[in-house]
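# Descriptive structure summary
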Amino acid sequence: MLNESFTLSNGVSIPKIGFGTWMIDDAKVAQHVRDAISVGYRHIDTAQAYANEVGVGEGIRTSGVDRKDIFLTTKLAAEIKNYEEAVAAIDESLAKLDLDYIDLMIIHSPKPWAEFQNDDDHFFEGNLEAWRALEEAYEAGKLRAIGVSNFEQVDLENLLTNAQVKPMVNQILAHIGHTPVEVIEFSQQNNMIVEAYSPIAHGAMMQNEDITSMADKYGVSIPQLAIRYCLQLDLLPLPKTENIDHMKNNADVDFVISAEDMTTLKNIGRVDYGDHSDIPVFRRATDK
């Protein structure tokens, strides 16, 4: 699966499985990126908010693999909702990564994290300002593609109606036990690749008996089942691990979940995020 790719609306290829780096320390992430690349991953995902762009860039540069063969995503901080700050932040990411270009840069959230639960303000103008900066960086060749993350339909419509360049990606929380069908379908109908972050629910689904039983049926691990589930929905999963054996396991998903079992998995109840339930994206998913 690591050799397969989707094609973005502008013709750029993006590997079907990415390696996520959320909550990996900057001092450690370079080695984990090198490990992932050595296993065969060619798609690395980071963000300004992760505070590990320096290490991610080092890992890519020292991987021994040609830069053009690696697809790198980073994210504009959710709090940046004006043009000037967005322009500066894009250049700051390029400097921290120490790379000539970024393959994909996305707005991390339509709202600052402190306002993530607030439905009264969608920050429409601020997102258009941040998007304008991404458009200009894209046109200048600093970015090969641009997109968004955590955008719901109303947020996407704001860009689709007013922007010059349409979003190419919407990265969202999606996994067994939380599959936001409406925003997935709307995004895909508007030629966006939908990426699924936390495809294993930040590990929470490991305790779910129904999911465990289904994984046992196919003779696979729970992460393999979860990643395959996303792929069969035409989602691009971004599993994260610091264990090289798990990296290999997560990519070994050359099996097919039956249509009947996909329906069962789609209808599994919400996953309990446990200690991580206060993280805004998980809290939002639980509230829905």
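Quick caveat: nothing in here was measured; it's all calculated off a predicted structure. (Residues numbered from 1 in each chain as written. Predicted model: local features only at pLDDT ≥ 70, side-chain atom pairs only at ≥ 80, totals over all residues. Heavy atoms only, no water.)

Here we come to the packing of aromatic side chains. Aromatic rings considered in pairs are described by the distance between their centres and by the relative angle of their planes. For the structure shown, the criterion picks out three aromatic pairs. Between Y218 and F255, the aromatic rings sit 6.1 Å apart at their centres with planes inclined by 40 degrees, giving tilted as the arrangement. One end of the pair, Y218, is in helix α7 (residues 209–218); the other, F255, is in the loop between α9 (244–251) and α10 (259–266), and 37 residues separate them in sequence. Taking relative accessible area as the criterion, Y218 reaches 23% and is therefore assigned partly exposed. (Phe/Tyr/Trp six-rings, centres within 6.5 Å; stacked < 30°, edge-to-face > 60°. Helix = DSSP H or I, 4+ residues; strand = E, 2+ residues; numbered from the N terminus. Buried < 20%, exposed > 50% of the residue type's maximum accessible area, 1.4 Å probe, protein only.)

Before going further, it helps to examine the pattern of salt bridges. Evaluated as defined, the whole model comprises 13 salt bridges. D98 is the partner of R61 in a salt bridge, and the nearest nitrogen-oxygen pair spans 3.8 Å. Taken together, the positions of R61 in helix α2 (residues 53–61) and D98 in the loop between α3 (83–97) and β6 (104–107) put the pair 37 residues apart, joining distant regions of the chain. Under the relative-accessibility criterion, R61 is labelled partly exposed at 40%. For D98, a relative accessible area of 48% corresponds to the partly exposed category. One salt-bridge network, in which partners are shared between bridges, spans R67, D103 and R144. (Salt bridge = Lys/Arg side-chain N within 4 Å of Asp/Glu carboxyl O.)

So, on to helix α4 (residues 124–139). Taking 1.5 Å as the rise per residue, α4 with 16 residues should run 22 Å; its terminal C-alpha atoms sit 22 Å apart, in good agreement. Structurally, α4 contributes buried residues whose contacts are with β5 (71–76), α3, β6, β7 (146–149) and α5 (153–162). At the C-terminal side of α4, G141 shows a positive phi close to 85 degrees. (Expected span 1.5 Å × (residues − 1). Contact = heavy atoms within 4.5 Å.)

Moving on: the UniProt feature "binding site: substrate" (unreviewed entry) in the protein chain. Under the UniProt annotation, "binding site: substrate" (unreviewed entry) lies at H108. Tracing the sequence through the fold places H108 in the loop between β6 and α4. Setting aside its immediate chain neighbours within four residues, H108 contacts A47, A49, Y50, K75, L76, A77, A78, W113, S149 and N150. (UniProt positions renumbered as here; feature names shortened; annotations may be inferred.)

So, on to the pairing of β5. Judged by how many residues are buried, β5 sits mostly within the fold: six of six residues are covered. Sheet topology places strand β4 (residues 43–45) next to β5; three bridges connect them, and they run parallel. Paired with I44 across the two strands is L72, which belongs to β5. Note that the unit made of β4, α2 and β5 has a crossover that is right-handed. Where β5 lies against β6, four bridges are found, and the strand directions are parallel. Bridge pairing in β6 links L76 to I107. Running through α3, the crossover from β5 to the neighbouring parallel element β6 is right-handed. (Pairing = 2+ DSSP bridges. Right-handed = clockwise from strand over helix to strand, strands pointing away.)

Checked against the element boundaries, H175 lands in the loop between β8 (169–173) and α6 (181–189). Using a relative accessible area of 0% as the deciding quantity, one classes H175 as buried. With near-sequence residues (within four places) excluded, H175 lies in contact with S198, P199, A201, M205, Y229, V271 and Y273.

Pairing between the strands of a sheet comes from backbone hydrogen bonds, and it takes one of two forms, parallel or antiparallel. Spatial ordering of the open sheet is given by β3-β4-β5-β6-β7-β8-β9-β10, a layout of eight strands whose pairing is parallel. Of all the strands in the sheet, the pair left with one neighbour each is β3 (19–20) and β10 (235–238). Lying on the sheet, α6 is in contact with β8, β9 (193–197) and β10; it crosses β8 at an angle near 170 degrees. (Axes fitted to C-alpha atoms, helices over the stretch in contact; angles between N-to-C directions.)

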